[in-house]
Amino acid sequence: MPRPTVVTFDAGQTLIELDLDFLAKRVAMCDVVVDPDALRSAEAAAWRHYDTLVARGELDHPALWRALMQYELSAAGASGDLAAAASWLYEQQPVANVFRRPIPGMVELARELAGQGVRMAVVSNSEGALAELLAEIGIADAFEVIVDSGRLGIAKPDPRIFEHVLAELGVRDGDRVHVGDSWSADVQGALAAGWRAVWFGRTARPVDDPRVASARDAAELRVALGLA
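What you are looking at is a predicted structure, and each value in this text was computed from that prediction instead of being measured.

Please set out unusual backbone geometry residue by residue, giving values where relevant.
In this model, Lys156 is joined to Pro157 through a cis peptide bond whose omega is 15 degrees. Here Pro157 shows up in the loop between helix H7 (149-152) and helix H8 (160-169). Non-glycine residue Asp31 carries a positive phi angle of around 60 degrees. With respect to the secondary-structure elements, Asp31 resides in the loop between helix H1 (20-28) and helix H2 (36-56).

Below you can see the structure in the form of structure tokens.
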């Protein structure tokens, strides 16, 4: 993949992931008691459960999100009303997002690219407070623009969200790449906008399309973006 002039990142499961210590503190406010180490032990199984539900295609995003949290808490041996806690967590996402732990190496890679003159932005389907969250955890300054579907009113895979970020960056041409974990939202959205894409994360795999690379972590993303 040639070196791009614009790189955009999805947020959840691409730049930031579930913070299990923070999750344990949040559910304590619902009288749910859980050990953060038990949450860490349950995390892989919870994501496998989530992937199974996604593959079935029977649930919308809020239901999938709540199912992930409820399974995570249950598998970790949490006590209390787990369904109510999962619903409360979802409602609280705009003010206390539990996806806030930077994924190792990703922000460092974004800063490196910016230092080489690559235009950097975030394009995410989020709840409307993503810029504040990234500022709170100290990574917003790595990006020139943060586009949050909850504020814009346009969500991936709609190609207009990619057109919007280019307008915000003041870019009209050049090679553009979007990095994200969702095939339907990130990869297909980027391709529909005429961009290239990197399918990122635990479910990413090579595909027979020269416009799409795959990377499971920051080291593989470096290679996909032509930095290694």
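Once the structure has been displayed, the description carries forward.
So what's going on with the side chain of Gln13? Which residues, and what values?
Along the chain, the position of Gln13 falls in the loop between strand S1 (6-9) and strand S2 (16-18). Using a relative accessible area of 15% as the deciding quantity, one classes Gln13 as buried. Beyond its immediate chain neighbours, meaning those up to four positions away, Gln13 contacts Leu18, Trp47, Phe99, Ile103, Asp181, Phe200 and Arg202.

Residues and numbers for H1, please.
Along H1, the positions that sit buried rather than exposed are Leu20, Leu23, Ala24, Arg26 and Val27. All buried residues of H1 fall inside an arc of 165 degrees around its axis, so they share one side. Two or three places before Asp21, at the start of H1, stands the capping residue Asp19, its side-chain oxygen 3.2 Å from that residue's backbone nitrogen.

Each value, and the rule that gives it
- The numbers attached to residues start from 1 for each chain and follow its sequence in the written order.
- At least 70 in pLDDT is required for a residue's local features to be given in this predicted model, at least 80 for side-chain atom pairs to be given and counted, and no such filter applies to totals for whole chains, interfaces and linings, which use all residues.
- Side-chain descriptors were evaluated using all non-hydrogen atoms of the structure, hydrogens and water having been removed beforehand.
- A helix here means a DSSP run of H or I that spans at least four residues, while a strand means a run of E at least two residues long, and both kinds are numbered starting from the N terminus.
- Burial classification: accessible surface area is computed with a 1.4 Å probe over protein chains only, and a residue below 20% of its type maximum counts as buried, one above 50% as exposed, and the rest as partly exposed.
- Whether two residues are in contact is decided by their heavy atoms, any of which lying within 4.5 Å being enough.
- Picture the helix axis, draw a direction to every C-beta atom, and the arc is the one those directions span.
- Two N or O atoms form a polar contact when they lie within 3.5 Å of each other; inside protein one atom must be a possible hydrogen donor and the other a possible acceptor, and for residues adjacent in sequence the pair counts only when both atoms belong to side chains.

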